[in-house]
Amino acid sequence: MSIGTRLRKIWRDIWARKVRTLLVSISIFIGVFGVVTLFSAGEILIKQLEQDLQQDKLAMIRLAVVTSSEARINNQSELQRLRDLPGVAAISGRAVYRVAWKLPADRIFEDGYIAAYTEPFDQVVLEPPTLYQGNWPQADQNQIAVERRFAEKYDLQIGDQIDFRILSSAAANTTESWTISGLIFQPYGEPGGAGPLDPDQIIFAAYPDAQYIAGFNGLSHIYARYTDFATAEDQEEEFEAAIQSYAVSFTNIEDPADNGTIAQTRTINRLLVILALIALIVSGFLVFNVINAIVVEQRRQIGVLKSLGASRLDSFFIYSGIAVMYGLIGVIPGVLLGIPAGFVAAKGLAGQSGTIIEEFSFTPTGVILGVVIGLAVPFLSSILPVFNGTRVSILEAMTDFGINARYGRGPLARLISMLPLSITFRQALNIVNQKKFRLALIGTTLTVAVAAFMGIYAVFSSLTGKIDEVFTTIGSQFSINPSEGRSYDELVAALQGIDGISAAEPGATLSIKIEGYEDAPPVVAGPPGLFAFGINPSNPDIAPLSMKSGAMLTADSPANAVVISSRIADYMDKKEGDTVIIRSRDQVDEFNIIGVASYPYDTVWFRWDTLAKLGGLVIGAPDGMPYPNQIDVIMAQDDPAPAQVDDKIAEVKEALLAQGITADFTNWVDFNQSITRYVTLFGLILNLAAALIAVVGAIGLLTSLSMSVFERQKEIGVMRSVGASSWAVTIQFLVEGLVVGIAAWAIGVPLSYLLSRGLGNALPFGDVFEIGYPPITLVIGLAGMLVIVTIASLWPSLSAARKTVSDILRYQ
C-alpha cells in the first residue's frame, strides 16, 4: 500500500467524523496550550528575575533598625565598625521613610516613601538601583528621582516637579517644589515598614536631602553580605550585637543562591505546569477510546484491506496516523496561541514579582515541550488499541456482527438485573458494565479532576479559616509604627481630639533570640525570624490569645514574665513555670514562662516596657526612658470595614504630620482580607488548572457517549419501534454519564484527601498551619461533578432521542 493511499485513508476518516475530530483535538489543544503558556510564562519571568536580581549583589543579612528621634548618630562610623567584622564583604545602609507629596496642581498630599543610601547612588554595592533615564539626583540641588513605575502611574517626565511637605524641624510643615532629575528602576524592592514597598510609591533623594524632606534622624535598614552564606549564618548574632546606635526590629537572613522571590516563582510555575501536563496526558485516555472505537467500527475494513494485500504495518500506520493527526490539529493552534499567551501571562505576573517585562520573548523549550508531548501523547495512546485491532484475521473481520456472546453474563450483570429499577435505568447500567473499559479511562480523567478540585478546595478553605484564627489574636484595628522613637506621652498627645478611638496602647515589636532555639526549623510563611511582641498588659483586649496552658500577661504580671507560642514550647519542651534565656542584640536576660499560647508562629509576648529595655528602645542612655515603636489602636466602632479603618488612619496620619511625626500604619482589618484574597486567588489559579483536566474529562465523556449513540443506532431503533419515548432514550444515555461521574467522585474522595495532605506539605504554609479536610468539600465536589457530567451527557442524550426509526433503518 502506497504512502498516498494511507494518507488519503487517514484524511477521509478524519474528515468523515468532523465532530469527533474536533472534540479530541480540542482536548489536546487545551493541554498543549496550558503547557506552552504556563511553562513559557514561568521561564520568561524567572529569566527576567535572574537578570534583574544579580546574585553577587544580593544581601545575606537584612536588618530593620530603629532609633529615637533625639539620638545623634554617626552612620559612617557605625557602618565602618560593621565592615571591620570578620567575614564581612560589604555593608550598605539605607533610609526609607514616609513622605507627603503632591503634584503642583493638586491640593491634597499623597502618601509615598523617600529612599536614600549612605553611599552615592552609583556606588551602592548591595541591591543597587539602576538609572533608567536622566541623571542621579544631586545633593543641595533640590533634585529627586522617581521609580519608573511611579513615573508611569502619575505620567511624570524628567524635568517635572513634585511638591513635598517638609517635615524636618528646619522648615516644618512648609511646602517646597523639587525637580525630577532621573527615572530609576529598583528591581530588588525597597523595604518598608511591613516589607518591600510597591515601586509606584518610591521617590529617591540624596541622603541629606531625604533627611531634610522627611525629617528622619538615622537609617531604617542595614544590609550585609559576607564572603559566603555559611559565614553569614554563623555570624548573624555577632553582627546584631555589634550594632550600637540602633535597635533591631527584625532580621531576615537569606542565601543569595536561593532567592525567595525566584524560588517562589519557580515553585508555583512548576506546580501549574504539572497540572497542565496532567490535563494533556489524560487527553490521551480520550485518544485511546476514540482509536479503539474506530478500530472496532472498521473491523470489516481492516479485513478488506488485508484481503487486498495490506500488511499489519499498513493498518498500524493508518490508525496511529489518525491519532497523530488529532494531535497535530490540537498542537498547531495550541502552540501558536500559547506563545503570545505565555508572554502576556509573564508580563501580567511581573508586577507581583517586582520586575518589568517589556520586549516580547518566548522560550523554545516550552514550544518544543508542547509539540513533542502534544504529538507523543496521542501516538502512544493509540499503540495498544491499534495493536489489538490489527490482530484481527480476515475471517474474524468478515464474520463480525458486533454481538458479544458474553453480554448479560457475569456477577455484575446478574446484580444489575436484580436491582429494583426501571428497565431504562437497568439498561443504562448494563451498557456501562458492557463498556466499562472504555468508560473507565474517561472515569479516570474525571477522577483526577474531581480529586484535584476537592484536594485544592480542602486545603485553601481550611487555610482561610486558620488565617482568620490568627488575626483574632490581634485586638487592635490598626497600628502606628513611628519612623523614629518618640515617647508614648508625645504620641498620645498628638492623638488628642481624634474621635472614634477607644484605646491607643503602647507596644513594641522586635527580633529576639532564645537560647536553645537556634536550630529550630524556620517558619516559611511567617514573620522573619523569631519575633517578640510587647503589649500593655493592663488592656486584655490588645492580644486576646487562646491559651494552651497558663495565663496571659496582666497588669499584675512581673516585669520578667513572658508568654511563648505553642510552637516554641513544643520544640523546646517548655511549659508554664519554666524559664527561658532571651537575647536582643547584646542584651541577655532570663524570663519566667507564665503561659503557652496556641499560636502557629515563633512568638514571645512581653510587657512592652520590658521588651523595649531589652531591645534598646530607650531615649538617651541605655538606662533611659523606654519608648514604644508601635501603638496599637482600638477603634470605638465595632467590627469596622477596611475603608472605615483607612479613614481613621488618615485622621491620625494628619494629626501626627502636624507635629512633624511620620509613621507607617498597618490596617489589620484590610491586611486580614488581603491575605485571605491572596490565598483564595492562589487556590483559584490551581483550581483553574484542575478545571482544564475536568474539561478534558467532560469532552472525553461527551465523545464516548456520542460514539455510543453511533454504535447503538440499531438498539435505539428497536427501542423506538416498541414504543420508547424520546425522554426514555434521553434518560438512558444521561444515566450512563451520571453513573460514570458518581463513580469517579467516589474514587476521587480518598485521592483528594491524600492530595490535600501532600499539597498542604508542599505549600509554604504546611509547617505553620494544620491543614484540615472540611466535610463540605465532599458535597461541593459531588455537586460540581454532577454538573459537569450532566452538561457533557446532554448533547449525546438529546442526539439519541432525535433518532427516528426511518433514520435508523437507513443506517447500515
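Below you will find a few notes about this structure. (Residues numbered from 1 in each chain as written. Predicted model: local features only at pLDDT ≥ 70, side-chain atom pairs only at ≥ 80, totals over all residues. Heavy atoms only, no water.)

**Structural notes on the pattern of salt bridges**
To keep it simple, the criterion reads: Just to be clear on terms, a salt bridge is a Lys or Arg side-chain nitrogen sitting within 4 Å of an Asp or Glu carboxyl oxygen. Secondary structure follows DSSP: runs of H or I at least 4 residues long count as helices, runs of E at least 2 residues long count as strands, and numbering of each begins at the N terminus. Relative accessibility thresholds used throughout: buried, under 20% of the residue-type maximum; exposed, over 50%; partly exposed, between the two (1.4 Å probe, protein chains only).
The tally for this structure, following the rule as stated, stands at 23 salt bridges. Note that Arg266 is salt-bridged to Glu50, the shortest N-O span being 3.0 Å. Note that Arg266 is positioned in helix α7 (residues 260-297) and Glu50 in helix α2 (residues 18-52), a separation of 216 residues in sequence. Overall, Arg266 belongs to the partly exposed group, its relative accessible area being 25%. Residue Glu50 is classed as partly exposed on the basis of its relative accessible area, which comes to 44%. Here the salt bridges do not stand alone but share partners, grouping Arg98, Asp111, Lys653 and Asp664 into one network.

**A look at a negative patch on the surface**
For the record, the criterion: Like charges are joined within 9 Å and nonpolar side chains (Val, Leu, Ile, Met, Phe, Trp, Tyr) within 5 Å, but only among residues with over 30% relative accessible area and no salt bridge; these make up the patches. For accessible areas, the Shrake-Rupley method is used with a probe of radius 1.4 Å. Any residue's cover is judged against the shown protein chains and nothing else. For this count, His and the chain ends are skipped, Lys and Arg are scored as positive, and Asp and Glu as negative. A charged residue contributes its charge at one atom only: NZ of Lys, CZ of Arg, CG of Asp or CD of Glu.
A cluster of acidic side chains, namely Asp228, Glu233, Asp234 and Glu238, defines a negative patch on the protein surface. Taking the relative accessible area as the measure of exposure, Glu238 reaches 43% and is therefore partly exposed.

**Considering the packing of aromatic side chains**
Which entries qualify depends on this criterion: Pairing of aromatic rings covers Phe, Tyr and Trp, the last counted by its six-membered ring, and requires centre-to-centre distances within 6.5 Å; plane angles under 30 degrees mean stacked, over 60 mean edge-to-face, and any other angle means tilted. Here, a charge over a ring is recorded when the distance from Lys NZ or Arg CZ to the ring centre is within 6 Å and its angle to the ring normal is within 35 degrees.
Summed over the entire model, instances satisfying the criterion amount to 21 aromatic pairs. Taken together, a centroid distance of 5.2 Å and an interplanar angle of 90° make the contact between Tyr517 and Tyr571 edge-to-face. Of this pair, Tyr517 sits in the loop between β15 (513-514) and β16 (531-535) while Tyr571 is found in helix α16 (residues 566-572), placing the two residues 54 residues apart along the sequence. Residue classification places Tyr571 among the partly exposed positions, given a relative accessible area of 40%. An aromatic cluster is built from Tyr117, Phe121, Trp136 and Phe204, whose rings are joined through pairwise contacts. For the cation-ring pair, Arg62 lies above Tyr223, with the distance from its terminal atom to the ring centre recorded as 5.8 Å. Here Lys102 stacks its cationic end above the ring of Phe109, 5.7 Å away from the centre of that ring.

**Overview of the side chain of Glu119**
Inclusion rule: We define a polar contact as two N or O atoms separated by no more than 3.5 Å, with the added condition that, inside protein, one atom must be a possible hydrogen donor and the other a possible acceptor, whereas residues neighbouring each other in sequence contribute only through side-chain atom pairs. Any two residues whose heavy atoms approach within 4.5 Å at even a single point are treated as in contact.
Within the element layout of this structure, Glu119 appears in the loop between β3 (110-117) and β4 (130-134). Comment: no salt bridge for buried Glu119; closest opposite-charge side chain is Arg83, at 4.2 Å. One polar contact links Glu119 to Thr118, side chain to side chain, over a distance of 3.4 Å. Non-local contacts of Glu119, meaning those with residues more than four positions away in its chain, are made with Arg83, Ile91, Ser92, Gly93 and Val124.

**Section: the pairing of β16**
Looking down a regular strand, the side chains alternate between one sheet face and the other. The line we're drawing: Strands are labelled as partners when DSSP assigns at least two bridges between them.
A large share of β16 lies buried, amounting to 4 of its 5 residues. Note: strand β14 (residues 501-511) against β16, 4 bridges, orientation antiparallel. Its bridge partner lying in β16, Ser511 is registered against Phe531. Where β16 meets strand β21 (residues 603-607), 5 bridges bridge the pair, whose relative direction is parallel. Its bridge partner being in β21, Ile535 is matched across the sheet by Arg607.

**Some points on the pairing of strand β25 (residues 663-667)**
Burial within β25 is extensive, with 5 of its 5 residues counted as buried. For strand β13 (residues 478-482) and β25, the ladder comprises 5 bridges, and the chain directions are antiparallel. Along β25, the bridge assignment pairs Phe478 with Asn667.

**A short note on the side chain of Arg225**
Summarising the element assignment, Arg225 is placed in strand β11 (residues 221-226). For the buried Arg225, no salt bridge exists, and the shortest N-O distance to an oppositely charged side chain is 6.5 Å, to Asp56.

**Notes on the environment of Ile780**
Tracing the backbone through its elements, the reader meets Ile780 in helix α22 (residues 776-801). Residues Ile780 and Phe453, spaced 327 residues apart in sequence, show a C-alpha to C-alpha distance of 9.5 Å. Apart from the residues within four sequence positions on either side, Ile780 is in contact with Phe453 and Tyr457.

**Quick look at the packing of α2 against helix α9 (residues 312-350)**
Quick reminder of the rule: Comment: axis = line fitted to C-alpha atoms, over the contacting stretch for helices; angle = value between 0 and 180 degrees taken between N-to-C directions. Any angle that is under 35 degrees is reported as roughly parallel, and any over 145 degrees as roughly antiparallel; angles of 65 to 115 degrees are reported as roughly perpendicular and all others as oblique. For any helix crossing, the convention is left-handed if the near helix is rotated counterclockwise from the far helix by under a right angle, and right-handed if that rotation is clockwise. Under the grouping applied here, Gly and all other residues not named as nonpolar or charged are polar, the nonpolar ones being Ala, Val, Leu, Ile, Met, Phe, Trp, Tyr, Cys and Pro and the charged ones Asp, Glu, Lys and Arg.
Relative orientation of the contacting elements α2 and α9 amounts to 30°, with a least axis distance of 6 Å. Taken together, the axes of α2 and α9 lie roughly parallel to each other. Our pair here, α2 against α9, has a crossing hand that is right-handed. In terms of residue class, the contact of α2 with α9 is made up of 22 nonpolar, 9 polar and 1 charged.

**Thoughts on the nonpolar core**
A general tendency of soluble globular proteins is for nonpolar side chains to be buried together. Test applied: Residues enter a nonpolar core if they are buried and are Ala, Val, Leu, Ile, Met, Phe, Trp, Tyr or Cys, with the set joined through side-chain atoms within 4.5 Å.
Ranked by internal contacts, the top residues of the largest apolar core, which has 46 residues, are Ile162, Phe164, Ile222 and Phe239. Residue contacts for Phe239: discarding those within four places in its chain leaves Ile61, Leu63, Leu82, Leu85, Ile91, Ile222, Ala224 and Tyr226. Grouped together as the second largest cluster of nonpolar side chains are 29 residues, Val24, Ile28, Val32 and Val335 included.

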